[in-house]
Amino acid sequence: MTTYHWIIFFLIVQLIHGLGTWKLYEKAGRKRWEAFVPIYNSIVLMKIINRPTWWTVLLFIPIINLIMFPVVWVETLRSFGKNSTMDTLLGIFTFGFYIYYINYTQDVTLITDRSLMARTKTGDTISSLLFAIVVATLVHTYVMQPYTIPTSSLEKSLLVGDFLFVSKFHYGARTPMTTVAAPMVHDTLPLVKIKSYSSWPQLPYFRFPGFQKIQKNDIVVFNWPADTVYKFFDTSGRSILKPIDKKSNYVKRCQGTPGDSLQIKNGTVYINGKELILPERAKTQYSYFVTYDMNVPIDFEFLLKDIGSTDGAGFKNEARDTLYLRALTAEGANRLRNVPGIKSVTQAISKEGESNIFSHNPNWNSDNFGPIYIPEAGKTVALNLQTLPFYKRIISVYEKHDLKVVGNDIYINDKKVTSYTFQKNYYWMMGDNRNNSEDSRYWGYVPDDHIVGKPVFIWMSWDTNGKGINKIRWDRLFTTVSGDGQPQSYFKYFLGLLVLYFVGEYFWKKRKASKV
C-alpha cells in the first residue's frame, strides 16, 4: 500500500470508529463529533475508559496495536457496564463490532468509578502477560533483538551456535512493514510451523534516524533480498513471496557502501582501487589444496583442528596425495606449510566463470569479480544492454518500475531511457568464509530498506560438538562483536554484578524485616 492508500485506509477506520461509538461518547458527556476526529478521538476515549493518555501511542504502533485494539474494545464495554464473559468474547471475536450493537440498541451508563483492578486471578495473569508482551515487542522491534548464528559464513568472527543481541538503533530502527503478524516471531509460528503473518496490508518503508551509518567491514544483519524459500533451511522446494521484513535474516560483513567501486581479485576485495583492510577480529578464510608426502604419517584431523580449520575439519581427499580444505585462514595455511611431510599449500582460486554469479558475466567468478558500482541514492548511471544486468533487479524489484527490453532499447514505465537515477542506497555484503558463503556475489546488492541492525553482543555460545559443560564456549560469553583487538569475555563481570544484586537484595529484605 502506498502512503496515499494508507491515509484513505486510516480515515475509513476513523469513520468506522466514529459511527460505532458516537452515542457512547455522548453518554460519557462528550460531543458526538469527538468520536470522528482522528487521534483526538483516541485521546478522548482513553479519558472515557479511565486509561492513561499514552495508550493512544500504542494504538498506532504496528503489531503492538494488534494487542491493544482488543484491550480497548473490552475496556470500552466494561466502562459501560458490559462485564460478562460473553460481552468480552463478543467484543473480541467480532473485532469490536459488538460495540456497534451496544451503541445503537442499548441504554447504557458510563461507570466513572469502576475498579481497574482485575477481579480474578486469571484476569490479573492475562493483564500482566499482555503488558509483558507489549514491552517485549517494543524492545524487540525498536531496541534490541536476539538472533542465533546458523551457518559458518562468518566463521572465526561469529561461530555457529553464537547467540547475539542485534541493535536496532545503531542504524535506526525500522518500523514493521508487515502490520498483521504475531509478535516477537519471524516468519513461522513455533510448534505449529505455519506462517506467522499476513502479507496484506503493508506499511510504506520508514526508518528512525540512527546514530551511525553502515561502514565498510561492519557486520550487519539484513533480510535476504533473494529469499523466496518457504522456510529457512527448508529442503522441500516450496517457495513463497515474502514481505521485506519477513524475508530470512542473513548476517554478513559489509564490503561495499553506496558510491563505491568494488572489485575482487583472487579472493581479495578492492574498494576504489585499494585493497580493503579487514579489522583484526576478522579472519578471512579460503579453500586450499594441500599436497603431502604419503610416506610421512600425519594426523590431519588433529592437525586441522589445532590450526583452526572450520567446517568440521573440512577436508576431503582430492587425490591420493592431495587434500582439499574447505576453510582455512592465511595464518593457518602458513602454519600448515611448516609441518613436516606437507609439500605444498595452495589457495584454491576459481578460474572459470560461474553461471550463478549475479551479473551472469561469463568471465567472472566468486574469486575474480568486477569492478562494479555500488548504487547510491540520487546518483545516475548509463543504462544499456551491457550495464542492465547489474541494475535490472534494482529497477524492477527493489524500486518497482515496469522494465522492458525491446531489441536494443530499454523502457522504464513505457518510456525509452538511456540512464537511470537510483532511489535507494545499496550495500555489498560478503562472508569471511569466502568459499563457503552465499552472499552478494551470487544475488547482488542489499537495499537499505532490507537492513535490520548491527550485532553488538554475544550473550551465549553453544558448541554442538562439545561434551558436558564444554558444550558452552565459556570464552565467548558476554563478548562484543565489534571493536579493536581480540574479543574479550565480560562474563566474570556479569557474574560479579549478579552476586552483588542478590547479596544487596538479601540485606535490604533483612533490614526491612527488622524495622517491622
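1. Notes on the side chain of His-450
Thought 1: Note on placement: His-450 falls in the loop between strand 21 (446-447) and strand 22 (451-461).
Thought 2: His-450 gets classed as buried once you look at its relative accessible area, which sits at 1%.
Thought 3: There is a polar contact of 2.7 Å between the side chain of His-450 and the side chain of Asp-449.
Thought 4: Beyond its immediate stretch of four places on either side in the chain, His-450 contacts Arg-174, Phe-222, Asn-223, Trp-224, Pro-225, Ile-244, Lys-247 and Tyr-398.

2. Notes on unusual backbone geometry
Thought 1: Here the amide bond leading from Trp-200 into Pro-201 is cis, since omega sits at 0°, within 30 degrees of zero.
Thought 2: Considering the arrangement of structural elements, one finds Pro-201 in strand 4 (residues 197-202).
Thought 3: Backbone geometry places Ile-39, a non-glycine residue, at a positive phi of 70°.
Thought 4: Inspection of the secondary structure assignment puts Ile-39 in the loop between helix 1 (3-27) and helix 2 (40-48).
Thought 5: By relative accessible area, which is 43% here, Ile-39 ends up partly exposed.
Thought 6: For Leu-191, which is not a glycine, the phi torsion comes out positive at approximately 70°.
Thought 7: Take Leu-191: its relative accessible area is 81%, and that puts it in the exposed class.

3. Focus: the environment of Val-13
Thought 1: By the element assignment, Val-13 lies in helix 1.
Thought 2: Take Val-13: its relative accessible area is 34%, and that puts it in the partly exposed class.
Thought 3: The sequence separation of Val-13 and Lys-27 amounts to 14 residues, and the corresponding C-alpha distance is 22 Å.

4. Quick look at the sheet that holds strand 9 (residues 274-275)
Thought 1: Within the open sheet, the four strands sit side by side as 9-8-7-14. Their pairing is antiparallel. A single partner strand is all that each edge strand has here, and the edge strands are strand 9 and strand 14 (369-373).
Thought 2: In terms of strand pairing, strand 7 (residues 261-265) meets strand 8 (residues 268-271) through four bridges, oriented antiparallel. In the sheet register, Ile-264 faces strand 8, and the bridge partner there is Val-269.

5. Comments concerning the pairing of strand 10 (residues 285-292)
Thought 1: Buried residues dominate strand 10, accounting for seven of its eight residues.
Thought 2: In this sheet, strand 12 (residues 322-329) lies alongside strand 10 in antiparallel orientation, the contact comprising six bridges. Among the inter-strand pairings, Phe-289 is bridged to a residue of strand 12, identified as Tyr-324.

6. Focus on the sheet that holds strand 18 (residues 415-417)
Thought 1: Read from one edge to the other, the open sheet built from three strands follows the order 16-17-18, with strand pairing classed as antiparallel. Bordering the open sheet on either side are strand 16 (403-406) and strand 18, each of which pairs with just one other strand. Recorded for the sheet is a direction-independent mean angle of 40° between the axes of neighbouring strands.
Thought 2: The sheet contact formed by strand 17 (residues 409-412) and strand 18 spans three bridges and is antiparallel. Each residue of the ladder has a partner; that of Ile-410, found in strand 18, is Val-417.
Thought 3: On the sheet, helix 10 (residues 388-398) packs against strand 16 and strand 17 and is oriented at approximately 140° with respect to strand 16.

Thresholds applied
- Residues numbered from 1 in each chain as written.
- Predicted model: local features only at pLDDT ≥ 70, side-chain atom pairs only at ≥ 80, totals over all residues.
- Heavy atoms only, no water.
- Helix = DSSP H or I, 4+ residues; strand = E, 2+ residues; numbered from the N terminus.
- Buried < 20%, exposed > 50% of the residue type's maximum accessible area, 1.4 Å probe, protein only.
- Polar contact = N/O pair within 3.5 Å; in protein donor to acceptor, adjacent residues only side chain to side chain.
- Contact = heavy atoms within 4.5 Å.
- Pairing = 2+ DSSP bridges.
- Axes fitted to C-alpha atoms, helices over the stretch in contact; angles between N-to-C directions.

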